[in-house]
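Structural overview for review
One letter stands for each residue in the lines below.
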Amino acid sequence: LQKSEPADSDKVSSKETLVVGFSQVGAESDWRSENTESMKQTFTADNGYELLFEDGQQKQANQIMAVRTFIQRGVDYIVLAPVVEAGWDTVLQEAKDAGIPVIIVDRMVDVADEELYTAWVGSDFQLEGAKASEWINQYLQAKGIHNANIVNIQGTIGATAQIGRTQGLQEACRANSNMTLLAEVPGDFTLPKAKEVMESLLKQYDDINIVYCENDNEAFGVIEAVEAAGKRVGSDIEAGEIMVVSFDGVKKDAMHYVLEDKISCIAECNPMQGPRVQAVIEQLEAGKEPPKFSYVDEEIYVHDETVPSVFVENIEYPVTVVTQDVID
Ligand code: GZL
Ligand code: ZN
């Protein structure tokens, strides 16, 4: 008997499940949790995927082990959110030798041969840093403040998000005499570490005007430390308030802090990368060539309505003043 061809609908349903191995940095921040959620909501059985999820607890060794496990499992795709940029050449070569495409998401890998990964999906961290720093500069000018002392509580040292945001501030401080960079200290993108670091900075300096936090969870730790020291956070630098500037803006808590002027400015970082990774995989499945690098547009959220008008005139970045309806 001639075996009958399955009907088209059967063919679609018979499309084999794609197995995707995802090595995630960890669960260090609200941003990271949203990022994980986005991937889990995208790569579902209903969508034709089986997602193997590995939490790296912010350790590169765990992530390398996870990638090796995916290679042994013979997954169809490997998605890697690298905790730091360096140290991936060997394991990515093993994936390449096994013929498994690797998609890098969020932070970047610094490898000798870019052919070791198929595509990268993420944000422009240096641009985020430049936006937040330019807002600070515009704010100081609008308020006629001729010098502000700034401390940078950095994210995980060696992570692209840390490198870019740190660079953005350094360049702004070099370009603007009203911005003085007092110190750069690692805060590891976590609340407890940033709180501990801010407590010691407050003992070391009595003239800190602005704290540049490389993510919201660090900002939450800084607010706790400043208030525990009997000082106030807020945009009114001349009244002795310590201005907090931050990154991510994924959670209502952070946006509430902006509404309450406990955080003066947040440079948005978009965690919803699941659909963008899926688009790359679908293009590959269709035999198409996805873009090697794809970025998202991000804006900044601010408390003080006086500056954005000046800001928007001078700079083309979108700026949103946070009001209650922005949050709801
Ligand atoms: C940014 C991401 C950073 C977030 C932090 O894309 O790499 O890592 O800004 C997270 O919250 O820890
Ligand atoms: Zn509130």
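Going by an unreviewed UniProt entry, the protein carries the name ABC transporter substrate-binding protein and comes from Bariatricus massiliensis. According to the UniProt record, the Subcellular location (unreviewed entry) comment for the protein reads "Cell envelope".

It is worth spelling out the overall build of the protein at this point. Assigned secondary structure in the protein consists of 12 helices and 13 strands. Its C-alpha atoms give the protein a radius of gyration of 22 Å, within 12% of the compact-globule value 20 Å for 328 residues. Reported as C-alpha extents along the three principal axes, the dimensions of the protein are approximately 90 × 40 × 35 Å. Within the protein, buried positions represent 53% of all 328 residues. For the protein, restricting intrachain contacts to residue pairs at least 6 apart in sequence, the fraction spanning at least 24 positions comes to 71%. Surface exposure of the protein reaches about 14300 Å², of which carbon and sulfur atoms provide 48%. On the protein, the mean spot of the 25 positive side-chain charges and the mean spot of the 57 negative ones are 4 Å from each other.

The next point concerns the environment of Gly 274. Locating Gly 274 in the fold gives a position in helix α10 (residues 274-285). Considering only alpha carbons, one finds Gly 274 and Gly 87, 187 residues apart in sequence, at a separation of 25 Å. Setting aside its immediate chain neighbours within four residues, Gly 274 contacts Ser 38, Met 39, Thr 42 and Phe 43.

The next thing to look at is the packing of helix α8 (residues 216-228) against helix α9 (residues 252-259). Two packed helices can be described by the angle between their axes and the distance between those axes. Contact geometry of α8 with α9 gives a least axis separation of 10 Å together with a crossing angle of 50°. Taken as axis vectors, α8 and α9 run oblique relative to one another. α9 is crossed by α8, and the crossing has left-handed handedness. When α8 is examined against α9, the residues Asp 216, Phe 220 and Ile 223 are found in contact with a partner set consisting of Asp 253, Ala 254 and Tyr 257. Its residues assigned to classes, the contact of α8 with α9 shows four nonpolar, no polar and two charged.

What follows concerns the nonpolar core. Core analysis: the biggest nonpolar cluster contains 42 residues, and Ile 78, Trp 88, Leu 92 and Ile 281 have the highest contact counts within it. Secondary structure elements with two or more residues in this core: β1 (18-24), β2 (49-55), α3 (60-73), β3 (77-80), α4 (89-97), β4 (102-106), β5 (119-122) and α10. With five residues, α3 is the largest single contributor of residues to this core. Those residues in contact with Ile 281 that sit more than four places away from it in its chain are Leu 18, Val 20, Phe 43, Tyr 49, Tyr 77 and Ile 103. In this structure, Val 151, Ala 225, Val 258 and Ile 266 belong to the second largest nonpolar core, which totals 28 residues.

Before going further, it helps to examine the environment of Leu 191. As for its placement among the helices and strands, Leu 191 is situated in helix α7 (residues 191-204). A relative accessible area of 27% places Leu 191 in the partly exposed class. Remark: the alpha-carbon pair of Leu 191 and Asn 47, spanning 144 residues in sequence, is separated by 35 Å.

Take the site of ligand 1 next. Near ligand 1 lie 13 residues; those nearest to it are Glu 28, Asp 106, Arg 107, Arg 165 and Asp 248. In this structure, Ser 29 approaches ligand 1 through a side-chain N or O atom, which is 2.9 Å from an oxygen atom. A distance of 2.8 Å separates an oxygen atom of ligand 1 from a polar atom in the side chain of Arg 165. The fraction of the free accessible surface of ligand 1 (320 Å²) that becomes covered by protein chains is 100%. Of all the cavities here, the one that holds ligand 1 is the largest cavity. At the level of elements, α2 (30-42) and α6 (160-175) are the ones that each hand at least two residues to the shell around ligand 1. Classifying every residue of the shell around ligand 1 by side-chain character gives five nonpolar, two polar and six charged.

With that settled, consider the UniProt feature "domain: Periplasmic binding protein" (unreviewed entry) in the protein. Feature annotation in UniProt assigns "domain: Periplasmic binding protein" (unreviewed entry) to the following positions: residues 20-266. This span, residues 20-266, is 43% helix and 21% strand, and a straight line between its end C-alpha atoms measures 33 Å.

Strand order in this open sheet of six strands is β2-β1-β3-β4-β5-β11, and the pairing throughout is parallel. Lying at the two open borders of the sheet, with one neighbouring strand each, are β2 and β11 (293-295). Taken pair by pair, the neighbouring strands of this sheet meet at an average axis angle of 20°, ignoring direction. Here β5 runs beside β11; their pairing, made up of three bridges, is parallel. What sits directly across from Val 121, in β11, is Ser 294. Running at roughly 170° to β1, α3 makes contact with β1, β2 and β3 of the sheet.

Reading the values: the criteria
The residue numbers shown here count from 1 along each chain, following its written sequence. As a convention, the first chain written is A and the first ligand written is 1, with the rest following in written order. Whole-chain, interface and lining totals are the exception, using all residues; otherwise, since this is a predicted model, local features are given only for residues with pLDDT of at least 70 and side-chain atom pairs are given and counted only at 80 or more. In computing side-chain values, all of the structure's heavy atoms are included and hydrogens and water are not. UniProt positions are given in the numbering used here, feature names are shortened, and annotations may be inferred rather than shown by experiment. Helix and strand definitions follow DSSP, with helices as H or I runs of at least four residues and strands as E runs of at least two, each counted in order from the N terminus. Taken over C-alpha atoms, the radius of gyration is set against a globule rule of 2.2 Å times the number of residues to the power 0.38. The rule is simple: take the accessible area with a 1.4 Å probe, protein chains only, and divide by the maximum for that residue type; under 20% is buried, over 50% is exposed, in between is partly exposed. We call two residues in contact whenever any of their non-hydrogen atoms come within 4.5 Å of each other. Using the Shrake-Rupley algorithm and a 1.4 Å probe, accessible areas are obtained, with residue cover drawn only from the displayed protein chains. Only four residue types enter the tally: Lys and Arg on the positive side, Asp and Glu on the negative side; His and the chain ends are excluded. Note that the charge is assigned to NZ on lysines, CZ on arginines, CG on aspartates and CD on glutamates. The convention used is that axes are lines fitted to C-alpha atoms, helices contributing only their stretch in contact, and that angles between N-to-C directions extend from 0 to 180 degrees. When an angle is under 35 degrees it counts as roughly parallel; over 145 it counts as roughly antiparallel; between 65 and 115 it counts as roughly perpendicular; any other value is oblique. Here is the rule for handedness: rotate from the far helix to the near one, and if that takes an anticlockwise turn smaller than a right angle the crossing is left-handed, while a clockwise turn gives right-handed. Only Asp, Glu, Lys and Arg are considered charged in this grouping, and only Ala, Val, Leu, Ile, Met, Phe, Trp, Tyr, Cys and Pro are considered nonpolar; every other residue, Gly among them, is considered polar. Only buried residues count toward a nonpolar core, which is a set of Ala, Val, Leu, Ile, Met, Phe, Trp, Tyr and Cys residues joined through side-chain atoms within 4.5 Å. Definition of nearness: a residue and a molecule or strand are near each other if at least one heavy atom of the residue lies within 4 Å of the molecule or strand. For the purposes of these results, a polar contact is taken to be a pair of N or O atoms within 3.5 Å, where, inside protein, one atom must be able to donate a hydrogen and its partner to accept one; residues adjacent in sequence count only when each atom of the pair is a side-chain atom. With a 1 Å grid spanning the protein atoms alone, the term cavity applies to any set of points in which a 1.4 Å probe fits but cannot get out, the term pocket to an open set with protein on both sides within 12 Å along at least five of seven lines, and the term lining residue to any residue with an atom within 4 Å of a point. Molecules are considered to sit inside a cavity or pocket once more than half of their atoms lie within 2 Å of its grid points. Here the rule is simple: two strands pair whenever DSSP picks up at least two bridges between them.

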